[in-house]
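The lines below spell out each chain.
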Amino acid sequence: MLVKTPDMPATVIAERVGWTGSITWFRDHVRQLRPDHWPVDPSDRLIWLPGDAAQCDLWFPPRKIPLEDGSKTLLPVMVITAAHSRFMVGRMIPTGHTADLLLGMWQLLQELGRVPRRLIWDNESGIGRGKRHAEGVGAFAGTPATTLQRLKPYDPESKGIVERRNGFFETSFMPGRDFTSPPTPRTSRPRRSCASSSSYPDGRLIQTPGWCGTSPTTTAPSGSSTAT
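Reading guide: rules and limits
- Residues numbered from 1 in each chain as written.
- Predicted model: local features only at pLDDT ≥ 70, side-chain atom pairs only at ≥ 80, totals over all residues.
- Heavy atoms only, no water.
- Patch = residues over 30% accessible without salt bridge, like charges linked within 9 Å, V, L, I, M, F, W, Y side chains within 5 Å.
- Areas by Shrake-Rupley, 256 points an atom, 1.4 Å probe, with all protein chains shown as cover.
- Salt bridge = Lys/Arg side-chain N within 4 Å of Asp/Glu carboxyl O.
- Helix = DSSP H or I, 4+ residues; strand = E, 2+ residues; numbered from the N terminus.
- Pairing = 2+ DSSP bridges.
- Axes fitted to C-alpha atoms, helices over the stretch in contact; angles between N-to-C directions.
- Contact = heavy atoms within 4.5 Å.
- Buried < 20%, exposed > 50% of the residue type's maximum accessible area, 1.4 Å probe, protein only.

### Section: a nonpolar patch on the surface
On the surface, Met1, Val17, Trp19 and Trp25 cluster together to form a nonpolar patch covering roughly 410 Å² of accessible area. Looking at the secondary structure, you find Met1 in the segment before helix H1 (10–17).

Here's what the structure looks like:
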């Protein structure tokens with residue numbers, strides 16, 4: 001009976017087989033046998049280890065950003081989300097070309113403060129197509145000793161963590177905000193609410209430095225005429 005109907009209640013099985021003994025004893029034995037007859041679960045659950053991987057993606061804000069020349073355009077935002085902690089950093093970049101993608105990744109890894117073992121991308125043309133990385137991508141990955149892993153085409157589920165972060169930007173970050181220049185998305189969020197929707201197991205919120213507060217200010221050395 002369990003082979004044909006593994007979720008059949010123990011009381012029904014007892015009635016079908018004509019059991020007249022202790023129903024508690026019968027339930028206990030059915031409970032032990034039932035797991036052997038459950039069908040194979042077609043779904044799978046990924047477990048991400050700390051420091052193992054970060055998912056990367058481009059998010060396009062649904063609003064044009066004013067530029068210095070007075071024009072407005074849609075600019076991509078590079079987002080990197082740590083797969084284990086869901087810690088995220090983001091930066092607006094000029095284009096999706098390889099040079100801007102590599103510089104964006106370099107800056108975000110500095111903000112992250114660590115280099116994951118793997119940087120997971122989809123088939124972004126600036127990163128590579130088919131079996132080949134775009135020119136310069138392999139050398140970039142070798143510099144911080146990481147692996148840049150590109151997913152198969154049409155496989156968004158494999159980087160669902162960063163995709164959900166993009167949805168968070170669409171529904172919770174953008175509404176009600178106006179930006180006067182590309183840097184303002186990084187400073188427009190109130191510091192007292194600078195935390196993502198994720199948290200550590202002990203309940204501490206995970207800050208998102210890529211979107212909160214202001215960048216550190218470096219004072220120019222004595223005698224220098226400029227400061228960053």
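Now, onward.
### Observations regarding the sheet that holds strand S4 (residues 77–82)
With mixed pairing, the 5 strands of this open sheet are ordered in space as S5-S4-S1-S6-S9. The sheet terminates laterally at strand S5 (88–92) and strand S9 (147–150), the two strands that pair on one side only. Each neighbouring strand pair of the sheet contributes to a mean axis angle of 25°, computed without reference to strand direction. With 6 bridges joining them, strand S1 (residues 53–59) and S4 adopt antiparallel strand pairing. Bridging across to S4, Asp57 finds its partner in Val79. Of the strands in this sheet, S1, S4 and S5 touch helix H5 (residues 160–173), which is tilted by about 40° from S1.

### As for the pattern of salt bridges
Inspection of the entire model under this criterion finds 3 salt bridges. In this structure, Asp28 and Arg31 form a salt bridge, with 2.8 Å as the shortest nitrogen-oxygen distance. A residue pair is termed a helical-turn pair when its members lie 3 or 4 positions apart in one helix, as Asp28 and Arg31 do in helix H2 (residues 23–33) at 3 residues. Judged by relative accessible area, which is 31%, Asp28 ranks as partly exposed. Linking Arg118 and Asp52 is a salt bridge whose minimum nitrogen-to-oxygen distance equals 2.6 Å. Taken together, the positions of Arg118 in strand S6 (residues 118–121) and Asp52 in the loop between H2 and S1 put the pair 66 residues apart, joining distant regions of the chain. With a relative accessible area of 24%, Arg118 lands in the partly exposed category. A relative accessible area of 18% means that Asp52 is categorised as buried.

### Section: the pairing of S5
Judged by how many residues are buried, S5 sits mostly within the fold: 4 of 5 residues are covered. Here S4 pairs with S5 via 5 bridges, running antiparallel. Residue pairing for S5: Ile80 is matched across the bridge by Val89. The hairpin turn running from S4 into S5, its antiparallel successor, is 5 residues long, and Arg86 in that turn takes a positive phi close to 70°.

### Considerations on unusual backbone geometry
Despite not being glycine, Arg86 shows a phi value in the positive range, around 70°. On the secondary structure map, Arg86 appears in the loop between S4 and S5. At Ala145, a residue that is not glycine, the phi angle is positive and equals roughly 60°. Relative to the helices and strands, Ala145 resides in the loop between helix H4 (137–142) and S9. According to the relative accessible area criterion, Ala145 is exposed, its value standing at 65%.

Keep in mind these values describe shape, not function.
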